[in-house]
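A structural walkthrough
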Amino acid sequence: MEIERVHAFSDSQLIIKQVNGEWQVKDEKLVPYQEIATSLIRQFEEVHLVHIKRKENPIADGLESLGSTISFQTNETIRSFEIERL
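Anyway, here's the lowdown on the structure attached to this text.

How each quantity is defined
- Residues numbered from 1 in each chain as written.
- Predicted model: local features only at pLDDT ≥ 70, side-chain atom pairs only at ≥ 80, totals over all residues.
- Heavy atoms only, no water.
- Helix = DSSP H or I, 4+ residues; strand = E, 2+ residues; numbered from the N terminus.
- Buried < 20%, exposed > 50% of the residue type's maximum accessible area, 1.4 Å probe, protein only.
- Contact = heavy atoms within 4.5 Å.
- Areas by Shrake-Rupley, 256 points an atom, 1.4 Å probe, with all protein chains shown as cover.
- Patch = residues over 30% accessible without salt bridge, like charges linked within 9 Å, V, L, I, M, F, W, Y side chains within 5 Å.
- Salt bridge = Lys/Arg side-chain N within 4 Å of Asp/Glu carboxyl O.
- 1 Å grid on protein atoms, 1.4 Å probe; cavity = no way out; pocket = protein on both sides within 12 Å on 5 of 7 lines; lining within 4 Å.
- Points joined across faces, edges and corners; volume = space filled by probe spheres on them.

1. Observations concerning the overall build of the protein chain
- Looking only at helices and strands, one finds three helices and two strands in the protein chain.
- Taking all 86 residues of the protein chain together, the buried fraction comes to 13%.
- A sequence separation of at least 24 residues applies to 62% of the contacts in the protein chain between residues at least 6 apart.
- Accessible area for the protein chain stands at about 7,800 Å²; split by element, carbon and sulfur atoms hold 52% of it.

If you want it as structure tokens, here you go:
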């Protein structure tokens, strides 16, 4: 199975605008990450990066708290999951 379309969501308007190329990346330390993101985006037919305000997504707070408690080893594979609102 080959993935053709990606929909990604973030509560960081800065990241979404920078990755979409709408805003310039000014911090030189972040330029390599911008380049990696751009390279990854080119691998898909369709990519939608969407900004969701934090107040409209209370689950983000919980996931942020959870993520900050987990430590990963170098080259460790992380399985993804999807959360849908009912």
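2. Quick notes on a nonpolar patch on the surface
- On the surface, Leu30, Tyr33, Ile36 and Leu40 cluster together into a nonpolar patch covering about 410 Å² of accessible area.
- Position of Leu30 relative to the elements: it lies in the loop between helix 1 (13-19) and helix 2 (31-41).

3. Some remarks on the pattern of salt bridges
- Using the criterion set out here, one finds two salt bridges in the structure.
- Put simply, Arg5 and Glu4 hold a salt bridge, and the shortest N to O gap is 3.7 Å.
- Here Glu4 falls in the partly exposed class, since its relative accessible area comes to 34%.
- Of the charged contacts in the structure, one is a salt bridge between Lys17 and Glu22, with a shortest N-O distance of 3.0 Å.
- Assessed through its relative accessible area of 22%, Lys17 is described here as partly exposed.

4. Describing the layout of surface pockets
- For the second largest pocket, the calculated volume is near 290 Å³.
- In terms of lining, the second largest pocket is formed by His7, Ala8, Phe9, Ser10, Ile15, Ile16, Val19 and Leu49.
- Where the lining of the second largest pocket is concerned, the elements lending two or more residues are strand 1 (5-10) and helix 1.

5. Observations concerning the side chain of Gln18
- Relative to the assigned elements, Gln18 resides in helix 1.
- If we skip the residues at most four places from it in the chain, Gln18 touches Trp23, Gln24, Val25, Lys26 and Gln34.

6. With respect to the environment of Ile36
- Tracing the sequence through the fold places Ile36 in helix 2.
- You can call Ile36 partly exposed: its relative accessible area is 48%.
- Residues Ile36 and Val19, 17 residues apart in the sequence, show an inter-C-alpha distance of 9.7 Å.

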